[in-house]
Amino acid sequence: MAFKTPLSFPVFEGNENSYTQEVINSGSIATSGRFLDRFELELADKLKVHPLVALNSCTSALHLSMILLGVGPGDEVICQSFTFCASANPIMYLGARPVFVDSERDSWNLCPELLEDAILNKISKGRKPKAIVVVHLFGMPAKMNEIMEISKKYEIPVLEDAAEAVGSLYRGQSCGALGQIGVFSFNANKIITGGGGGGALVCQDSDALHRSKYLSTQARENIHYYKHKDIGYNYRMNNLTAGIALAQLEQLDGFVAKRRAVNQRYRSLLKDIPGIEFQSDSEETSSNFWLTAILIDKERTGFSNDELRIELFNHGIETRFLWKPLHTQPVFNSYMYYGGGVAAGFFERGLCLPSSVSLTMEDQEMIAEIIQEKLIKTAT
Ligand SMILES: *Cc1c(COP(=O)(O)O)cnc(C)c1O
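Criteria and thresholds
- Residues numbered from 1 in each chain as written.
- Predicted model: local features only at pLDDT ≥ 70, side-chain atom pairs only at ≥ 80, totals over all residues.
- Heavy atoms only, no water.
- Helix = DSSP H or I, 4+ residues; strand = E, 2+ residues; numbered from the N terminus.
- Rg over C-alpha atoms; globule rule 2.2 N^0.38 Å.
- Contact = heavy atoms within 4.5 Å.
- Areas by Shrake-Rupley, 256 points an atom, 1.4 Å probe, with all protein chains shown as cover.
- Lys, Arg positive; Asp, Glu negative; His and termini not counted.
- Charge placed at Lys NZ, Arg CZ, Asp CG, Glu CD.
- Near = heavy atom within 4 Å.
- Polar contact = N/O pair within 3.5 Å; in protein donor to acceptor, adjacent residues only side chain to side chain.
- Nonpolar A, V, L, I, M, F, W, Y, C, P; charged D, E, K, R; others polar.
- Axes fitted to C-alpha atoms, helices over the stretch in contact; angles between N-to-C directions.
- Parallel < 35°, antiparallel > 145°, perpendicular 65-115°, else oblique.
- Left-handed = near helix turned anticlockwise from the far one by under 90°.
- Buried < 20%, exposed > 50% of the residue type's maximum accessible area, 1.4 Å probe, protein only.
- Pairing = 2+ DSSP bridges.
- Patch = residues over 30% accessible without salt bridge, like charges linked within 9 Å, V, L, I, M, F, W, Y side chains within 5 Å.
- Salt bridge = Lys/Arg side-chain N within 4 Å of Asp/Glu carboxyl O.
- Expected span 1.5 Å × (residues − 1).
- Arc of directions from axis to C-beta.

Along the backbone of the protein chain there are 13 helices and 14 strands. The C-alpha atoms of the protein chain give 21 Å as radius of gyration, which agrees with the globular expectation for 380 residues (21 Å, within 12%). If you line up the protein chain on its principal axes, its C-alpha atoms span 75 × 60 × 35 Å. For the protein chain, contacts bridging at least 24 residues in sequence account for 72% of all contacts bridging at least 6. Split by element, the accessible area of the protein chain, about 16100 Å² in all, is 51% carbon and sulfur. Charge-centre separation for the protein chain: the mean point of 37 positive side chains lies 4 Å from the mean point of 44 negative side chains.

Put into structure tokens, the structure is as follows:
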């Protein structure tokens, strides 16, 4: 159904129309062209990250990253459990096995202590993990300092799934630039979009970056006929998507400022409601607050996340549960898991509130009012 107030809705108020027209008029809509080049350069420049390659999705970017990191059949890859399935699916595409690790309570992301426990336990069994997948959920940076120290200590590369964290900062540096490889998503509901979708892979190692571009274009040799020495993929971004993504990128600063303002307004509107806790920045982080996420303590509010979801749904307001931890998913629950019930507890209590750039103060006041009324209703 179409919601009156959707969870995260794109705005196209910049150069989207003119760039799209320009691409169509030029006829260069394939996987090369002016906008593709510009988007790659300007994204890397804006985020102050290493050179990057633009792809058709973040899932493709995760898949290529794992290939670059040498993940293959029988390998094990550590993955934050509290995430969207796309963080782990490419592990399966490659015939490897995920090892899931719980979150910590500050950032809600990968717990460094449990990560080290998992690594030590795996090493003691002679099965050193091939890579670590860390995710910056809802835009909130994970504890990257601690995680990178562990990565260095055990010489296991970090793949940062920054799909939701375009424009988020950790100690002043962009998410996606901190690990050996970082990936971004420009899917329709992310903070900036390529329209139909899109992704990018950023890598410190220029040979690896080159290889990912090659693999993303069917491993085609750069000669006058189609010669193939490797199995490739059709993963490259096209020039039309790049035009839209570039126009969106030009508005990124404003989008981040608005999403942060939305988050701030929820905090002040809901501050007197007992039993609601926000995912919050630390001194080291500046989340893009792609989505504002809260935890509801039913003991104190009198209503659960699902009861609030239904109430808001009945008012045409879209909310969404937090990601169901992957170790509890039917498709993954036979794989190893290190941790307790932190992520599972977030799932049981959490809710993402509407966080679109276009959300108005009135929309937010309405949401706060509905929550307030729910509180009164359940108290009496
Ligand atoms: C959206 C998302 C992805 C996948 O991105 P696509 O561009 O849709 O393939 C991967 N990881 C996380 C955490 C995401 O939120």
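Read on for the rest.
Moving on, we come to the site of the ligand. Of all residues adjacent to the ligand, which total 15 residues, the nearest are Thr59, Asp161, Glu164, Ser185 and Lys190. Contacts to the ligand include aspartate 161, whose side-chain N or O atom sits 2.8 Å from a nitrogen atom. Within the contact set of the ligand, an oxygen atom lies 3.0 Å away from a side-chain nitrogen or oxygen of asparagine 187. Contact with the protein chains covers 93% of the free accessible surface of the ligand, which is 380 Å². Classifying every residue of the shell around the ligand by side-chain character gives five nonpolar, seven polar and three charged.

Turning next to the environment of phenylalanine 332. Tracing the chain through its elements places phenylalanine 332 in the loop between helix H11 (305–314) and strand S13 (336–338). Remark: the alpha-carbon pair of phenylalanine 332 and glycine 74, spanning 258 residues in sequence, is separated by 16 Å. Residues within four places of phenylalanine 332 in sequence aside, it is in contact with Ala88, Asn89, Met92, Pro98, Phe100 and Leu326.

Quick look at the packing of helix H1 (residues 16–26) against helix H8 (residues 239–249) now. The axes of two packed helices give the description: the angle between them and the distance between them. At a minimum axis separation of 8 Å, H1 and H8 run at an interaxial angle of 160°. Of the possible angle classes, the one that applies to H1 and H8 is roughly antiparallel. With respect to the hand of their crossing, H1 and H8 are arranged in right-handed fashion. For the pair H1 and H8, contact is made by Glu16, Tyr19, Thr20, Val23 and Ile24 and by Asn239, Leu240, Gly243, Ile244, Leu246, Ala247 and Gln248, respectively. Among the residues making up the contact of H1 with H8, the classes are represented as seven nonpolar, four polar and one charged.

Among the five residues that make up strand S8 (residues 181–185), five are buried, leaving the element largely enclosed by the rest of the structure. Alternating residues of S8 divide into Ile181, Val183 and Ser185 and Gly182 and Phe184, and every residue in both groups is buried. Inspection of the sheet shows strand S5 (residues 158–161) paired to S8 by three bridges, in the parallel sense. Bridge assignment links glutamate 160 to a residue of S8, and that residue is glycine 182.

Time to look at a negative patch on the surface. On the surface, a cluster of negative charge is made up of Glu113, Asp117, Glu146 and Glu149. Mapped by element, the contributors of at least two residues to the negative patch are helix H5 (112–124) and helix H6 (144–154). With respect to the element layout, aspartate 117 can be found in helix H5.

This paragraph deals with the pattern of salt bridges. Side chains carrying opposite charge are able to pair once their charged atoms draw close together. Scanning the model with the defined rule gives 20 salt bridges in all. A salt bridge links glutamate 76 to arginine 127; the shortest N-O distance between them is 3.4 Å. In this pair, glutamate 76 sits in strand S2 (residues 76–80) while arginine 127 sits in the loop between H5 and strand S4 (131–135), placing the two residues 51 residues apart along the sequence.

Sheet strands pair by backbone hydrogen bonding; their relative direction is either parallel or antiparallel. Spatially, three strands are ordered S7-S6-S11 in an open sheet, and the strand pairing comes out antiparallel. Looking at strand neighbours, the two that pair on one side only are strand S7 (173–174) and strand S11 (285–286), the edges of this open sheet. Note: strand S6 (residues 169–170) against S7, two bridges, orientation antiparallel. The residue bridging tyrosine 170 from the neighbouring strand is glutamine 173, located in S7.

Next up on the list: H5. End to end, H5 covers 18 Å across 13 residues, agreeing with the expected 18 Å (1.5 Å per residue, within 8%). Within the span of H5, buried status applies to Pro112, Leu115, Glu116, Ala118, Ile119 and Lys122. Within H5, the buried residues cover an arc of 160° as seen down the axis, which keeps them to one side. In H5, the exposed positions that point more than 90 degrees away from the buried face belong to Glu113 and Ser124. Turning to H5, the residues buried within the fold contact S2, strand S3 (97–101), S4, H6 and S13. Where H5 terminates, the next one or two residues include glycine 126, which has phi positive at roughly 75°.

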